[in-house]
Amino acid sequence: MNLVSQVLALLAALTHLVVGTLERFFYDRTAVRVFRTTSPADAPEVTLWRSGVAVYNLLLGLGLVAGVVALHSGEPTAGRTLVLYLCAFLIASALAFAASFPRLWRGALGQGCRRPWHCRRQPCSDLSSP
């Protein structure tokens, strides 16, 4: 696996680890809510969803890091498999998001399920309308 692929995988890992940490451990801070949703309001009804998405993001990030570490620890097949699978997972998520909400295509560029990008243009409560 070439260096560019590894750097991009680590960049995706860093993004998921930072966002997952913010979602899981720091969402009670107004600045974090504004960064994630563009609104300072808290939405207690999405706490369970937010926690699940946070764990999803943390595990994706950790898996990508583990893959790159395995590449450099004498397990190139395992490392390549982890990185390729998780990157394919991220791309599939982005495509599913883009197909579900075409007008929110910028969100798909951010992996497909990131609130900060797709909520800037319209309230998240309106996602199901055409």
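Residues numbered from 1 in each chain as written. Predicted model: local features only at pLDDT ≥ 70, side-chain atom pairs only at ≥ 80, totals over all residues. Heavy atoms only, no water.

## Describing the packing of helix α3 (residues 47-71) against helix α4 (residues 76-100)
Here is step 1 of the chain: With their axes 7 Å apart at the nearest point, α3 and α4 run at an angle of 150 degrees to one another. Relative to α4, the crossing made by α3 is left-handed. Seen from α3, the contacting residues are Y56, L60, G63, L64, A66, G67, V68, A70 and L71; seen from α4, they are P76, G79, R80, L82, V83, L86, C87, F89, L90 and S93.
Here is step 2 of the chain: In the contact of α3 with α4, the residues fall into 14 nonpolar, 4 polar and 1 charged. (Axes fitted to C-alpha atoms, helices over the stretch in contact; angles between N-to-C directions. Helix = DSSP H or I, 4+ residues; strand = E, 2+ residues; numbered from the N terminus. Left-handed = near helix turned anticlockwise from the far one by under 90°. Contact = heavy atoms within 4.5 Å. Nonpolar A, V, L, I, M, F, W, Y, C, P; charged D, E, K, R; others polar.)

## Notes on the confidence of the model for the protein chain
Here is step 1 of the chain: When pLDDT is averaged along the protein chain, the result is 78; 73% of the residues meet or exceed 70.
Here is step 2 of the chain: Across residues 112-130 the pLDDT falls below 50, and counting only partners more than four positions away or on other chains, this stretch makes 39 contacts in the model. (pLDDT = per-residue confidence, 0-100.)

## Section: the side chain of E23
Here is step 1 of the chain: Structurally, E23 is set in helix α1 (residues 3-25).
Here is step 2 of the chain: On the basis of relative accessible area, E23 is assigned to the buried category, the value being 2%.
Here is step 3 of the chain: Polar side-chain contacts of E23 include one of 3.5 Å to the backbone nitrogen of A54.
Here is step 4 of the chain: Within polar-contact distance, the side chain of E23 engages the side chain of N57 at 3.0 Å. (Buried < 20%, exposed > 50% of the residue type's maximum accessible area, 1.4 Å probe, protein only. Polar contact = N/O pair within 3.5 Å; in protein donor to acceptor, adjacent residues only side chain to side chain.)

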